[in-house]
Amino acid sequence: MKNTVVTFKEAKSKGEKLTMLTAYDYSTAKLIDESGINSILVGDSLGMVCLGYPDTLSVTMEDMIHHTKAVARGAKNALIVGDMPFMSYQTSVYDAVYNAGRFIKEANAHAVKLEGGAAVAEQVKAIVRASIPVMGHIGLTPQSVNAFGGFKVQGKSEEAARKLIEEALILEEAGAFSIVLECVPAKLAEIISKKVSIPTIGIGAGNGCDGQVLVYQDMLGMFADIKPKFVKQYANIGENMKEAFKKYISEVKEGAFPSKEHEFKIDEEVLEKLY
Ligand code: KIV
């Protein structure tokens, strides 16, 4: 069944959990979509898990458009959310609307996500006015890694917790259809989820959120550079891949691959003329 922003709204009102995973390419998006996910986030985590950067700051609009297009070709039923990269919306309301529009027009996304609360409220309002659904993102917002001084849990003091509650309410007021809560204490995420009428999607924010999102390479054991505490590893695909790669290398070296079944034939008549 096709997932839309209405699916998100209805899930919250029925108390049904929403599911989201990241994807960055056609074949992975197809597999995730066929598994019945509600939503696929083409996250700017692309920069770290696919492009090998130490953080998400170098990711460009062109990177995001390129990968979102591929995901949109693979996913038929998931709501596709394109993640607005660093400096594609912070600079002005005009840039925010223009770049959000590119995700919809050029890349076939259904919605965009951007990081921040009060600081980007005007951008959220303007994008929503342009009929583009916006997913907010507060807590640990990786594009602010330099301002935070690292990837750290957010909202632990009373002041910081109150600020996060406030930011969530501002995003709801601005028209966001959902909010990602990243690296927030579970009890605080539960309070926020109860205070807002739009669904919260947690990552490192406990079970009290209305849905969950994970980076797919993390949950499949394919990315070992950083191992956040909140990740549950559902498979060890990284090890399986390495075993397969090693087997291929040794079979090629031994001459065991390719075997007859992988060969193409040529007519004997043609062959004789070649000797
Ligand atoms: O870029 C990303 O993958 C994200 C998720 C961690 C929510 O923003």
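All values derive from a computational prediction rather than experimental measurement. (Residues numbered from 1 in each chain as written. Predicted model: local features only at pLDDT ≥ 70, side-chain atom pairs only at ≥ 80, totals over all residues. Heavy atoms only, no water.)

### Observations concerning the nonpolar core
Alright, step 1. Of all hydrophobic cores here, the largest spans 56 residues; its most connected members are Ile 40, Met 84, Val 112, Leu 114, Val 124, Ile 127 and Leu 181.
Alright, step 2. Core analysis: the second largest hydrophobic core is formed by 14 residues, Met 20, Leu 41, Val 81 and Val 213 among them. (Core = buried A, V, L, I, M, F, W, Y, C linked by side-chain atoms within 4.5 Å. Buried < 20%, exposed > 50% of the residue type's maximum accessible area, 1.4 Å probe, protein only.)

### Examining a negative patch on the surface
Alright, step 1. Residues Asp 267, Glu 268, Glu 269 and Glu 272 make up a contiguous surface patch of negative charge.
Alright, step 2. One can find Glu 268 in helix 12 (residues 268–274). (Patch = residues over 30% accessible without salt bridge, like charges linked within 9 Å, V, L, I, M, F, W, Y side chains within 5 Å. Areas by Shrake-Rupley, 256 points an atom, 1.4 Å probe, with all protein chains shown as cover. Salt bridge = Lys/Arg side-chain N within 4 Å of Asp/Glu carboxyl O. Lys, Arg positive; Asp, Glu negative; His and termini not counted. Charge placed at Lys NZ, Arg CZ, Asp CG, Glu CD. Helix = DSSP H or I, 4+ residues; strand = E, 2+ residues; numbered from the N terminus.)

### A closer look at the domain arrangement of the protein chain
Alright, step 1. Partitioning the protein chain into structural domains gives domain 1 (5–236) and domain 2 (240–274).
Alright, step 2. Taken over C-alpha atoms, the centre of domain 1 sits 44 Å from the centre of domain 2. (Domains from an automatic or database assignment.)

### As for a nonpolar patch on the surface
Alright, step 1. Where nonpolar side chains cluster on the molecular surface, the patch consists of Met 222, Met 241, Phe 245, Tyr 248, Ile 249, Val 252 and Phe 257 and spans about 620 Å² of accessible area.
Alright, step 2. For Val 252, the location among the structural elements is in helix 11 (residues 237–254).

### Let's talk about the site of the ligand
Alright, step 1. Taken together, Thr 22, Leu 41, Gly 43, Asp 44, Ser 45, Asp 83, Lys 113, His 137, Val 180, Glu 182, Ile 203 and Val 215 make up the full set of residues near the ligand.
Alright, step 2. Take Ser 45: an N or O atom from its side chain is 2.5 Å from an oxygen atom of the ligand.
Alright, step 3. One nitrogen or oxygen atom from the side chain of Asp 83 is found 3.2 Å from an oxygen atom belonging to the ligand.
Alright, step 4. Relative to its free-state accessible area of 260 Å², the ligand is covered by the protein chains to the extent of 96%.
Alright, step 5. Its residues assigned to classes, the shell around the ligand comprises four nonpolar, four polar and four charged. (Near = heavy atom within 4 Å. Polar contact = N/O pair within 3.5 Å; in protein donor to acceptor, adjacent residues only side chain to side chain. Nonpolar A, V, L, I, M, F, W, Y, C, P; charged D, E, K, R; others polar.)

### Description of the sheet that holds strand 8 (residues 211–214)
Either a parallel or an antiparallel arrangement is found when strands of a sheet pair, and the pairing is made through backbone hydrogen bonds.
Alright, step 1. What the eight strands build is a closed barrel, ordered 1-2-3-4-5-6-7-8; its pairing is parallel. If you compare each strand with its neighbour and ignore which way they point, the axes differ by 25° on average.
Alright, step 2. Here strand 1 (residues 18–22) pairs with strand 2 (residues 39–42) via three bridges, running parallel. Residue Met 20 lies in a different strand from strand 2, and its bridge partner there is Ser 39. (Pairing = 2+ DSSP bridges. Axes fitted to C-alpha atoms, helices over the stretch in contact; angles between N-to-C directions.)

### Digging into the environment of Lys 195
Alright, step 1. By the secondary structure assignment, Lys 195 is in helix 9 (residues 186–195).
Alright, step 2. Using a relative accessible area of 48% as the deciding quantity, one classes Lys 195 as partly exposed.
Alright, step 3. Once the C-alpha coordinates of Lys 195 and His 67 are considered, the two residues, 128 residues apart in sequence, prove to be 34 Å apart.
Alright, step 4. Lys 195 has contacts with Ile 165, Leu 169 and Glu 172, leaving out every residue within four places of it along the chain. (Contact = heavy atoms within 4.5 Å.)

### Things to note about helix 8 (residues 158–174)
Alright, step 1. Compared with an ideal rise of 1.5 Å per residue, which puts 17 residues at 24 Å, helix 8 spans 24 Å between its outermost C-alpha atoms and is within 8% of the ideal.
Alright, step 2. Ala 161, Leu 164, Ile 165, Glu 167, Ala 168, Leu 171 and Ala 174 are the residues of helix 8 that are buried.
Alright, step 3. Each element contacted by the buried residues of helix 8 is listed here: helix 6 (121–129), strand 5 (134–139), strand 6 (178–182) and helix 9.
Alright, step 4. Of the residues trailing helix 8, Gly 175 is marked for its positive phi of about 110°. (Expected span 1.5 Å × (residues − 1).)

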